[in-house]
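Here are the chains, one letter per residue:
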Amino acid sequence: MKALILAAGKGERLQPLTDYKPKAMLPVCNKPLIDYQIEMLRKHGIDEVAVVIGHLEKALKEHLNVKFYRDASISGTASAVYAAKDFIDDEFILLYGDVFFDGSINELTKTPNSMAVVQVEDVSRYGEVIFRDGKLVNIKEKSGSGSGFVNAGIYHFDPSILDFIEKTEESNRGEFELTDSIMMLNRSEKVRVVPVNGYWNDIGYPWDYIDANMYMLNKIGFSAGENTEIWSNATIRKPVVIGSDCKIKNCVIERSVVGDGCVIGEFSIVKRSIVMNKSKVPHLNYVADSVIAEGCNLGAGTKIANLRFDDANVKVTIKGKRIDSGRRKLGAFIGYNVKTGINVSIYPGVKIGSDSWIEAEVSVKKDVEKGSFVRN
């Protein structure tokens, strides 16, 4: 059996983490998300994998040795599948590129023209799937509430799905939605619904990305890469994953991921966070419930607040809208190659775009656009 992974999207809701890296290449405990997907497929006997690419495609091409199909329009999931129509000549597993799933799809692989669903406490963020006796009834796009089953973004199709994709019209969002194609298929031949068990995370928001890393941290426990120096007076509160060629000085690292070539320096604290490759948290820094992308340098005394003064949930601006993260504790999301001066303070839920510089003593209370120079 074949498998197709959709990884063409821009990942706008994950910015600035996707400024220079496609979402399928975002590292989860220092390994790209798409590697976990391919490993999961291979565990189920699926070796022939193709990837639909588009945004920042070079990174995927350099990393993977698979077949690639380019979705030039990047205009929806149905469009992405159709871009690989030459690959689809038999039954295949389809997987969305932002899905992290650690579980079994054995039943799905045995059930042609089927979709996987998972049970969640709140369906409002997802497309709720209504089914009866294992057969699809309806897919409600983000209109439900409360607990229920949602689309897991994992499917088993035969080539007939292409016929229905060809008939799919543009949605109100201006995209060609695979769920519309599936509902047409369902009217012709009942689509089977297969509940799956295991850890599932649709990494749509930056805090979802933190959650995926925290899950893998619990599985790994502790690891440190080659040529990493950990000082004897460093405090490591597991689970912690540290990459290669790092310097871990007299600091505190708690329940966090540190990438390759990083420095966590004297009297710095990193808690429940991800620090990507070649970033430095070198002196008297506080980083909690945050993500720092590659190539960043925090000036001495730079601190990231992770709790609102009024104790309310932290909100984050996503594509121009304020979104409630549902968390009391949430820090900042810092893009690539960001530099801060000494004693910079960053407020909860703030996003700092890549290639930005923050002058010393600045309090960053709102999002910073990519390539900005912020001064008092």
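Described below are features of the structure shown in this document. This is a predicted model, so every value here is computed, not measured.

### Remarks on the overall build of the chain
Phase 1: Each helix and strand in the chain was counted, giving 7 helices and 36 strands.
Phase 2: Taken over C-alpha atoms, the radius of gyration comes to 21 Å for the chain, in line with the 21 Å a tight globule of 376 residues would show.
Phase 3: Taken over the C-alpha atoms alone, the chain extends approximately 65 × 40 × 35 Å along its principal axes.
Phase 4: The 376 residues of the chain split such that 54% are buried.
Phase 5: Pairs at least 24 apart in sequence give 50% of the contacts found in the chain among residues at least 6 apart.
Phase 6: Working note: accessible area of the chain is about 16500 Å², and carbon and sulfur atoms make up 45% of it.
Phase 7: Distance between charge centroids for the chain: 5 Å, based on 49 positive and 49 negative side chains.

### Notes on the sheet that holds strand S26 (residues 291–292)
Phase 1: Sheet architecture is open: 7 strands sit in the order S14-S17-S20-S23-S26-S30-S33, paired in parallel fashion. Whereas interior strands pair on both sides, the edge strands pair on one side only; in this sheet they are strand S14 (222–224) and strand S33 (351–352).
Phase 2: Inspection of the sheet shows strand S30 (residues 333–334) paired to S33 by 2 bridges, in the parallel sense. Its bridge partner being in S33, phenylalanine 333 is matched across the sheet by lysine 351.

### A closer look at helix H1 (residues 33–43)
Phase 1: Most of H1 sits out of view: 8 of its 11 residues are buried.
Phase 2: Taken residue by residue, H1 has Leu33, Ile34, Asp35, Tyr36, Gln37, Ile38, Met40 and Leu41 as its buried positions.
Phase 3: Positive phi shows up at glycine 45, right after H1, with a value of about 80°.

### Some words on the sheet that holds strand S31 (residues 339–340)
Phase 1: Strand order across the open sheet formed by 3 strands is S31-S34-S36, with parallel pairing between neighbours. Every other strand in the sheet has two partners, leaving S31 and strand S36 (373–374) as the edge strands with one partner each.
Phase 2: The pairing of S31 with strand S34 (residues 357–358) spans 2 bridges and is parallel. In the sheet register, lysine 339 faces S34, and the bridge partner there is tryptophan 357.

### Quick word on the state of the cysteines
Phase 1: For the structure shown, the criterion picks out 0 disulfides.
Phase 2: Sulfur of cysteine 29: no disulfide; nearest cysteine sulfur belongs to cysteine 262 and is 13 Å away.
Phase 3: By relative accessible area, which is 7% here, cysteine 29 ends up buried.

### Quick look at the pairing of strand S5 (residues 67–70)
Side-chain positions along a regular strand alternate between the two faces of the sheet.
Phase 1: In the sheet, strand S4 (residues 48–53) pairs with S5 via 4 bridges, with the strands oriented parallel. Bridge pairing in S5 places isoleucine 53 opposite arginine 70.
Phase 2: Tracing the backbone out of S4, into helix H2 (residues 57–63) and back to the parallel element S5 gives a crossover that is right-handed.

### So, helix H7 (residues 206–220)
Phase 1: An ideal rise of 1.5 Å per residue puts 21 Å on 15 residues; H7 measures up with 22 Å between its terminal C-alpha atoms.
Phase 2: Those residues of H7 that sit buried are Pro206, Trp207, Asp208, Tyr209, Ile210, Ala212, Asn213, Met214, Met216 and Leu217.
Phase 3: At the C-terminal side of H7, glycine 221 shows a positive phi close to 85°.

### Some words on the environment of serine 223
Phase 1: For serine 223, the position within the fold is in strand S14.
Phase 2: Judged by its relative accessible area of 27%, serine 223 is partly exposed.
Phase 3: Here the alpha-carbon distance between serine 223 and isoleucine 304, two residues 81 residues apart in the chain, equals 26 Å.

### Let's talk about the packing of aromatic side chains
Phase 1: A full pass over the atoms with the stated rule returns 13 aromatic pairs.
Phase 2: With a centroid separation of 4.8 Å and an interplanar angle of 20°, the aromatic rings of tyrosine 205 and tryptophan 207 are classed as stacked.
Phase 3: Site record: aromatic cluster; members linked through ring pairs are Tyr36, Phe100, Tyr199 and Tyr215.
Phase 4: Above the face of the phenylalanine 87 ring, lysine 2 is positioned so that its terminal group lies 4.4 Å from the ring centre.

### Focus on the nonpolar core
Phase 1: Membership of the largest hydrophobic core comes to 66 residues, with the highest contact counts inside it found for Leu4 and Leu178.
Phase 2: When sequence neighbours within four positions are dropped, the list of residues in contact with leucine 178 reads Thr77, Ala78, Val81, Leu94, Tyr96, Tyr155, Phe157, Ile161 and Ile165.

### Concerning the pattern of salt bridges
Phase 1: Under the counting rule described, the total for this entry stands at 19 salt bridges.
Phase 2: Close ionic contact of glutamate 12 with lysine 319 constitutes a salt bridge, the shortest N to O distance being 3.6 Å. In this pair, glutamate 12 sits in the loop between strand S1 (2–7) and strand S2 (27–28) while lysine 319 sits in the loop between strand S28 (315–318) and strand S29 (321–324), placing the two residues 307 residues apart along the sequence.
Phase 3: Judged by relative accessible area, lysine 319 falls into the exposed class, the value being 57%.

### As for unusual backbone geometry
Phase 1: The amide bond that connects glutamine 15 to the next residue, proline 16, takes the cis arrangement and shows omega of 10°.
Phase 2: Among the structural elements, proline 16 can be located in the loop between S1 and S2.
Phase 3: Of the consecutive residues lysine 238 and proline 239, the connecting peptide bond is found in the cis state with omega at 10°.
Phase 4: With respect to the helices and strands, proline 239 occurs in the loop between strand S16 (235–237) and strand S17 (240–242).
Phase 5: Within the chain, asparagine 30 stands out as a residue other than glycine whose phi angle is a positive 70°.

Reading guide: rules and limits
- Positions within a chain are numbered from 1, following the residues in the order the chain's sequence is written.
- In keeping with the model being predicted, local features are shown solely for residues with a pLDDT of at least 70 and side-chain atom pairs are shown and tallied solely at 80 or more, while totals for entire chains, interfaces and linings include all residues.
- For side-chain calculations, the full set of non-hydrogen atoms in the structure is used, while hydrogens and water are omitted.
- Secondary structure elements follow DSSP: runs of H or I no shorter than four residues count as helices, runs of E no shorter than two count as strands, and numbering proceeds from the N terminus.
- C-alpha atoms define the radius of gyration, and 2.2 Å times the number of residues to the power 0.38 defines the globule rule.
- A simple rule labels every residue: compare its accessible area, found with a 1.4 Å probe on the protein chains alone, to the largest value its type can have, and call it buried under 20%, exposed over 50%, or partly exposed in between.
- Working rule for contacts: check all heavy atoms of both residues, and any pair within 4.5 Å makes them a contact.
- The method behind every accessible area is Shrake-Rupley, applied with a 1.4 Å probe, and residues are considered shielded solely by the protein chains displayed.
- Within this scheme the basic residues Lys and Arg register as positive and the acidic residues Asp and Glu register as negative, but His and the chain ends are omitted.
- Charge positions are represented by NZ for Lys, CZ for Arg, CG for Asp and CD for Glu.
- Here, strands pair whenever DSSP counts at least two bridges between them.
- Whenever a pair of cysteine sulfur atoms sits within 2.5 Å, that pair is classed as a disulfide.
- Handedness is read with the strands pointing away from the viewer; a crossover is right-handed when the path from the first strand over the helix to the second is clockwise.
- Take the number of residues in a helix, subtract one, and multiply by 1.5 Å to get its expected span.
- Any two of the Phe, Tyr and Trp rings considered here, Trp counted by its six-membered ring, make a pair once their centres fall within 6.5 Å; the pair's planes then place it as stacked at under 30 degrees, edge-to-face at over 60, or tilted in between.
- Charge over a ring is defined by NZ of Lys or CZ of Arg lying within 6 Å of the ring centre and within 35 degrees of the ring normal.
- By convention a nonpolar core is built from buried Ala, Val, Leu, Ile, Met, Phe, Trp, Tyr and Cys residues, the set being connected through side-chain atoms within 4.5 Å.
- Each reported salt bridge corresponds to a side-chain nitrogen of Lys or Arg within 4 Å of a carboxyl oxygen of Asp or Glu.

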